[in-house]
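Each chain, letter by letter, is given below.
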Amino acid sequence: MAQTSLRPKKTALLVAQRIVSDIARAGNRVGDRLPPEHLMLEQYGVGRGVLRESLRFLELQGVISLKPGPGGGPIVQHPDSSVLATALTLLLQFENAPFRAIVEARTALEPMMAQLAAERMSDEEIAELKSNVDNTRRNVNDLTIFHDEISRFHDIVARGSGNQLFAHLINALLGILDGSAMGIEYPETHRLASCTIHDDIYEAIAARDSDAAQELMNAHIQAHAKYTEFKFKDVLDSPIQWNKLT
């Protein structure tokens, strides 16, 4: 039986992986400088072109920033969900997937996140959620603040689930499907209804009622999906495009 040969990794990728391992091993924090180029060339035993390709790759992934000029060089950063959003957007664009795929994914994921949040959220996170729902209602007619707070609510719940993957996924999905950026409008009655259901979800989470939190989040996401399906079907049917990523 013939063996399937695996394509070897590029040297630049291998070096990038070693750099990340060394960052973790050294306990580097955001803002820390990595060694200057001449030391990194010696440390990793590669040419300048390979090292620079590795560093550019890590910059694109949000692991480092490259400060130009004298005294510059690679500075440690913390990757965020925007990298995942970009990768997902590109994958979905080449699959010609519609924005509806994002709505369906949220419908499947968010009720479970709310259930876990009710079980795992810290008191500090619950207080943050309370502040969020109060600020959302106070700013129901300030659309910029309102939409920011609505997104932050789902981010807090996702983080509160205690599952890091859920938190990054929701951030990425919300980054791809920004209703206001896509021209989806929410009348005041819809915004007030969102405030009410967010209040109810908060109360369930604060009471550590995981079943109620799951059911309420499911009802919330389903209602939102039905609204966008009825009012903005053309938007949901349109293909996901990288240039529409927020």
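As the structure is a prediction and not an experimental result, all values here were calculated from the model.

A. Inspection of the packing of aromatic side chains at higher detail. Within this structure, the stated rule accounts for 2 aromatic pairs. What links up through ring pairs into an aromatic cluster is the set Tyr186, Tyr227 and Phe232.

B. Local environment of the pairing of strand 2 (residues 73–76). Pairing between strand 1 (residues 64–67) and strand 2: 4 bridges, direction antiparallel. If you follow Ile64 over to strand 2, its bridge partner there is Val76. Between strand 1 and strand 2, which follow one another and run antiparallel, lie 5 residues, and Gly69 among them has a positive phi close to 85°.

C. Highlighting the packing of helix 5 (residues 100–120) against helix 8 (residues 164–176). Interhelical geometry of helix 5 versus helix 8 gives an angle of 145° and a closest axis separation of 11 Å. Considering only the axes of helix 5 and helix 8, their crossing is left-handed. In contact with Ile102, Ala105, Arg106, Leu109, Glu110, Met112, Met113 and Leu116 of helix 5, helix 8 contributes Phe166, Leu169, Ile170, Leu173, Leu174 and Ile176. Its residues placed into classes, the contact of helix 5 with helix 8 shows 12 nonpolar, no polar and 2 charged.

D. Geometry of the packing of helix 9 (residues 188–206) against helix 10 (residues 210–231). Packing of helix 9 against helix 10 brings their axes to within 8 Å, and their N-to-C directions diverge by 165°. Classed by the angle they form, the pair helix 9 and helix 10 counts as roughly antiparallel. Our pair here, helix 9 against helix 10, has a crossing hand that is left-handed. Every residue of helix 10 that contacts helix 9 at His190, Ser194, Ile197, His198, Asp200, Ile201, Ala204 and Ile205 is listed here: Ala212, Ala213, Leu216, Met217, His220, His224 and Tyr227. Here the residues of the contact of helix 9 with helix 10 sort into 9 nonpolar, 5 polar and 1 charged.

E. Layout of the nonpolar core. Counting residues in each nonpolar core, the largest one holds 18 residues, and the members touching the most others are Met121, Leu129, Phe153, Val157, Ile205 and Met217. Those elements that place two or more of their residues in this core are helix 5, helix 6 (123–138), helix 7 (143–160), helix 9 and helix 10. Here the element with the most residues in this core is helix 9; it accounts for 5 residues. Contacts of Ile205, omitting those with residues within four sequence positions, involve Ala114, Ala117, Ala118, Met121, Ile126, Leu129, Val157 and Ala213. Membership of the second largest hydrophobic core comes to 15 residues, among which are Leu51, Leu58, Val63 and Ile64.

F. A look at the environment of Val140. Along the chain, Val140 falls in the loop between helix 6 and helix 7. You can call Val140 buried: its relative accessible area is 8%. Along the chain, Val140 and Leu192 lie 52 residues apart, while their C-alpha atoms are 7.0 Å from each other. Those residues in contact with Val140, other than ones at most four positions away along the chain, are Phe146, Arg191, Leu192 and Cys195.

G. Representation of the side chain of Arg100 within the structure. Its location among the elements puts Arg100 in helix 5. Overall, the relative accessible area of 18% leaves Arg100 in the buried class. Among the polar contacts made by the side chain of Arg100, one reaches the side chain of Asp237 at a distance of 2.2 Å. Setting aside residues no more than four positions away along its own chain, Arg100 makes contact with Glu229, Lys233, Leu236 and Asp237.

H. A look at helix 1 (residues 11–26). For helix 1, which comprises 16 residues, the first-to-last C-alpha distance of 22 Å matches the rise-based estimate of 22 Å (1.5 Å per residue) to within 8%. Within helix 1, burial applies to Ala12, Val15, Ala16, Ile19 and Ile23. One side of helix 1 holds all its buried residues, which, seen down the axis, span an arc of 105°. Seen from the buried face of helix 1, the exposed residues on the opposite side, beyond 90 degrees, are Ala24 and Arg25. Turning to helix 1, the residues buried within the fold contact helix 2 (37–44), helix 3 (48–60), strand 1 and strand 2.

I. Examining the pattern of salt bridges more closely. The final tally for this structure, using the stated rule, is 15 salt bridges. A salt bridge links Glu128 to Arg152; its shortest N-O distance comes to 3.5 Å. Separated by 24 residues along the polypeptide, Glu128 in helix 6 and Arg152 in helix 7 bring together distant segments of the chain. A residue is classified by how much of its surface remains accessible, and Glu128, at 26% relative accessible area, is partly exposed. Overall, Arg152 belongs to the partly exposed group, its relative accessible area being 27%. A salt bridge links Lys233 to Asp237; the shortest N-O distance between them is 2.7 Å. You can see Lys233 and its partner Asp237 sitting in helix 11 (residues 233–237), 4 residues apart, about one turn around the helix. Connected through shared salt-bridge partners, Glu128, Glu149, Arg152, Asp155 and Arg159 make up one network.

Rules behind the numbers
Residues numbered from 1 in each chain as written. Predicted model: local features only at pLDDT ≥ 70, side-chain atom pairs only at ≥ 80, totals over all residues. Heavy atoms only, no water. Phe/Tyr/Trp six-rings, centres within 6.5 Å; stacked < 30°, edge-to-face > 60°. Pairing = 2+ DSSP bridges. Helix = DSSP H or I, 4+ residues; strand = E, 2+ residues; numbered from the N terminus. Axes fitted to C-alpha atoms, helices over the stretch in contact; angles between N-to-C directions. Left-handed = near helix turned anticlockwise from the far one by under 90°. Contact = heavy atoms within 4.5 Å. Nonpolar A, V, L, I, M, F, W, Y, C, P; charged D, E, K, R; others polar. Parallel < 35°, antiparallel > 145°, perpendicular 65-115°, else oblique. Core = buried A, V, L, I, M, F, W, Y, C linked by side-chain atoms within 4.5 Å. Buried < 20%, exposed > 50% of the residue type's maximum accessible area, 1.4 Å probe, protein only. Polar contact = N/O pair within 3.5 Å; in protein donor to acceptor, adjacent residues only side chain to side chain. Expected span 1.5 Å × (residues − 1). Arc of directions from axis to C-beta. Salt bridge = Lys/Arg side-chain N within 4 Å of Asp/Glu carboxyl O.

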